[in-house]
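Each chain, letter by letter, is given below.
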Amino acid sequence: MPNIIYIVADDLGYADLGCYGGREAQFGQVSPNIDKLAEQGMMFLDGYANSPVCSPTRFALMTMAYQYRFRGAMEEPINSKSRGSDTLGLPPHIPTLPSQLKKAGYYTGLMGKWHLGYPPHFGPRSSGYDEFFGIMAGGVDYFSHNSGYGDHDLWINEEEHREIGYLTDLISEHSLDFIHRRAGENSGQPFFLSIHYTAPHWPWETRDDEHLADSIESLFHLEGGNIHTYRKMIHHMDEGIGRIMEALEQHGIADDTLIVFTSDNGGERFSDNWPLVGGKMDLTEGGIRVPWVVRWPGVVEPGSVSLQHCMTMDWSRTLLEAGNGPFDPEYPVDGVSLMSVLKGEEERFERPLYWRMNHRDQRALRVDDWKYLKVDEHEYLFNITNDARERANLAKKYPERLADMRQQWLAWNDTMPQIPDDANVSLCYTLADMPQR
């Protein structure tokens, strides 16, 4: 069984990485180490997140199921006001990717962002991780490690932890410590390591911006940031990933380790989503289409590119299969294995993908080349293969196809719990803060 490392960036845009066509920054390449992973493995060009906002995607990542099955995932997203809630989080009794890999013999760890409910009712170690370092909230200041409500939010396991440092670097350091310890024990036990960076999520702080921590009015940092800071934040994460690869090589386990890199949703205000439109909170492509890079020596053909449609829960199911983890028949798994594509046994298979959002009453369905989209009271039909920017609405030209896809979405939605009236939508900015994208 391979070691498995699952790296998740936060609010990364589709074209922010060099391997996805991103521009160089003033300082040079933004993501040379992630680009190298793509050169050594496979890139997916039509891969998606389960949601255009963070905590719902993380429910799907953990459970391998549509997030709509869980009350906590109806929040868009979970915010710090939920601290103390016994309903807004990932219930400990639900089987998860780490809990099932643990049953298969893996040692499991999460370094970085949890964002699936607060202790004592919820937490990483209640849902399958042997150890945890990181934050419980959706975001914190990179230096003070305080959440948007001013409370300190850095943990080791269930204990609050204080440590000086830039959060991106701390996540990398604790990941390195995990790898060194597990490799040094020579136990032969495989490990599953989740590395969930907060980069490049706001506030807009690089490693050199500690002076900003005392002056930022709110974590949304509406008065700050720019593309140069944003790219540097990605680069700091990329540097950590480079060091992680060096550690794997040092211990001679790089070729025995399956690595997946992605983002929890599409980009935010400074991101590059070209050629896509929209971003975080939108079911247009810019909000849900994300990078997916996998490196698995001896299995995945280096330098390969896939057009297979997939979403977050599919990757988690694939990793469970890679680790020979068991499925619990009591709980549904909606994710579909991508193993045949990774192994080169088939190039592409049909994979319908469904989304919904309480925000603006959005709906989306991707089937083959086509996408059905509803935003507010407006319905759209796009040929995404020809029109990834979703500019040419074909609803009037193909009314039967529109009706058919609408009915497919409605039939799927009938299988999911409905969104309760008390579910919250939390927006960090509006048109009063900046113009429409």
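Nothing here was measured: the structure is a model prediction, and the numbers come from that model.

(A) Expanded view of the overall build of the protein. Looking only at helices and strands, the protein features 9 helices and 14 strands. Taken over the C-alpha trace, the protein has a radius of gyration of 20 Å; the compact-globule value for 437 residues is 22 Å, and the two agree within 12%. Each principal axis of the C-alpha atoms in the protein carries an extent, and together these give about 60 × 55 × 45 Å. Relative to its full complement of 437 residues, the protein shows a buried share of 63%. For the protein, the share of sequence-separated contacts (at least 6 apart) that also reach a separation of at least 24 residues comes to 70%. Of the accessible surface of the protein, which amounts to about 16900 Å², a share of 47% is contributed by carbon and sulfur atoms.

(B) Focus on the side chain of Thr206. Relative to the elements of secondary structure, Thr206 occurs in the loop between strand S7 (191-196) and helix H5 (227-250). Residue class for Thr206 comes out buried when judged on its relative accessible area of 7%.

(C) The sheet that holds strand S8 (residues 257-263), seen in detail. Strand order in the open sheet formed by 10 strands is S6-S5-S4-S3-S7-S1-S8-S9-S2-S10, with mixed pairing between adjacent strands. Strands at the two margins of the open sheet, each flanked by one partner only, are strand S6 (159-160) and strand S10 (304-306). Judged from the 2 bridges that link them, strand S5 (residues 155-156) and S6 form a sheet pairing that is antiparallel. Counted as the bridge partner of Ile156 is Glu159 from S6. Packing of helix H1 (residues 32-40) onto the sheet brings it into contact with strand S2 (42-44), S8 and strand S9 (292-295), and relative to S9 it is tilted by some 65°.

(D) Layout of the sheet that holds strand S14 (residues 378-383). Taken together, the 4 strands give an open sheet; going across it, the order is S11-S12-S13-S14, and neighbouring strands pair in antiparallel fashion. Of all the strands in the sheet, just strand S11 (353-357) and S14 have a single pairing partner and so form its edges. Going from strand to strand, the sheet's axes swing by 10° on average, the running direction of each strand aside. Sheet analysis places strand S12 (residues 362-367) next to strand S13 (residues 370-375), joined by 5 bridges and oriented antiparallel. For Arg363, the partnering residue across the bridge sits in S13 and is Lys374. Packed onto the sheet, helix H9 (residues 399-413) meets S11, S12, S13 and S14 and runs at close to 110° relative to S12.

(E) View of the layout of surface pockets. Within this model, the largest pocket holds a volume of roughly 1000 Å³. Around the largest pocket, the lining is made up of 46 residues, and of these Trp202, Phe220, Leu427, Cys428 and Tyr429 lie nearest the centre. In terms of residue class, the lining of the largest pocket is made up of 20 nonpolar, 17 polar and 9 charged. Its boundaries defined by the atoms lining it, the second largest pocket holds a volume of some 350 Å³. Surrounding the second largest pocket, 18 residues form its lining, Val277, Thr284, Arg360, Arg391 and Gln436 being those nearest its centre. For the lining of the second largest pocket, the secondary-structure elements that each account for two or more residues are S13 and S14. Looking at which element gives the most residues to the lining of the second largest pocket, the answer is S14, with 3 residues. Among the residues making up the lining of the second largest pocket, the classes are represented as 6 nonpolar, 6 polar and 6 charged.

(F) Seen up close, H5. Here H5 is 24 residues long and its end C-alpha atoms lie 35 Å apart, about the 34 Å a rise of 1.5 Å per residue gives. Of the residues flanking the start of H5, the one acting as N-cap is Asn226, its side-chain oxygen 3.0 Å from the backbone nitrogen of His228.

(G) Fine view of helix H7 (residues 312-322). In terms of burial, H7 is a largely internal element, 9 of the 11 residues being buried. Buried within H7 are the following residues: Thr312, Met313, Asp314, Trp315, Ser316, Thr318, Leu319, Leu320 and Ala322. Directly after H7, the chain includes Asn324, whose backbone phi takes a positive value near 55°.

(H) Summary view of the nonpolar core. Of all hydrophobic cores here, the largest spans 59 residues; its most connected members are Ile5, Met237, Leu248 and Phe261. Counting only elements with at least two residues in this core, the list comes to strand S1 (3-9), H1, strand S3 (107-113), strand S4 (131-135), helix H4 (167-184), S7, H5 and S8. The leading source of residues in this core is H5, at 9 residues. Beyond its immediate stretch of four places on either side in the chain, Ile5 contacts Ile179, Phe191, Leu193, Ile195, Ile244, Leu248, Thr257, Leu258, Ile259 and Val260. Core analysis: the second largest hydrophobic core is formed by 47 residues, Met62, Ala65, Ala137 and Trp155 among them.

(I) Structural detail: empty space enclosed by the protein. On inspection of all chains with the given rule, the structure shows 2 cavities of 30 Å³ or more. Here the largest cavity is characterised by a volume of approximately 60 Å³. What lines the largest cavity is Ser51, Pro56, Gln67, Tyr68, Ala73, Met74, Glu76, Arg356, Met357 and Ile419. A breakdown of the residues in the lining of the largest cavity according to their chemical character gives 6 nonpolar, 2 polar and 2 charged. A volume near 30 Å³ is recorded for the second largest cavity. Taken together, Arg58, Met62, Leu110, Lys113, Trp114, Leu116 and His196 make up the lining of the second largest cavity. Looking at the lining of the second largest cavity residue by residue, the classes come out as 4 nonpolar, 1 polar and 2 charged.

(J) The pattern of salt bridges, seen in detail. A complete count under the given rule lists 27 salt bridges for this structure. The shortest N-O distance in the salt bridge between Asp264 and Arg58 comes to 2.9 Å. Here the residue Asp264 occupies a position in the loop between S8 and helix H6 (285-288), and Arg58 occupies one in helix H2 (residues 54-63), the gap between them amounting to 206 residues. One exposure class covers both Asp264 and Arg58, and it is buried. With a shortest N-O distance of 2.8 Å, Arg406 and Glu379 are connected by a salt bridge. Of this pair, Arg406 sits in helix H9 while Glu379 sits in strand S14, and the two are 27 residues apart along the sequence.

Thresholds, definitions, all that
Residues numbered from 1 in each chain as written. Predicted model: local features only at pLDDT ≥ 70, side-chain atom pairs only at ≥ 80, totals over all residues. Heavy atoms only, no water. Helix = DSSP H or I, 4+ residues; strand = E, 2+ residues; numbered from the N terminus. Rg over C-alpha atoms; globule rule 2.2 N^0.38 Å. Buried < 20%, exposed > 50% of the residue type's maximum accessible area, 1.4 Å probe, protein only. Contact = heavy atoms within 4.5 Å. Areas by Shrake-Rupley, 256 points an atom, 1.4 Å probe, with all protein chains shown as cover. Pairing = 2+ DSSP bridges. Axes fitted to C-alpha atoms, helices over the stretch in contact; angles between N-to-C directions. 1 Å grid on protein atoms, 1.4 Å probe; cavity = no way out; pocket = protein on both sides within 12 Å on 5 of 7 lines; lining within 4 Å. Points joined across faces, edges and corners; volume = space filled by probe spheres on them. Nonpolar A, V, L, I, M, F, W, Y, C, P; charged D, E, K, R; others polar. Expected span 1.5 Å × (residues − 1). Polar contact = N/O pair within 3.5 Å; in protein donor to acceptor, adjacent residues only side chain to side chain. Core = buried A, V, L, I, M, F, W, Y, C linked by side-chain atoms within 4.5 Å. Salt bridge = Lys/Arg side-chain N within 4 Å of Asp/Glu carboxyl O.

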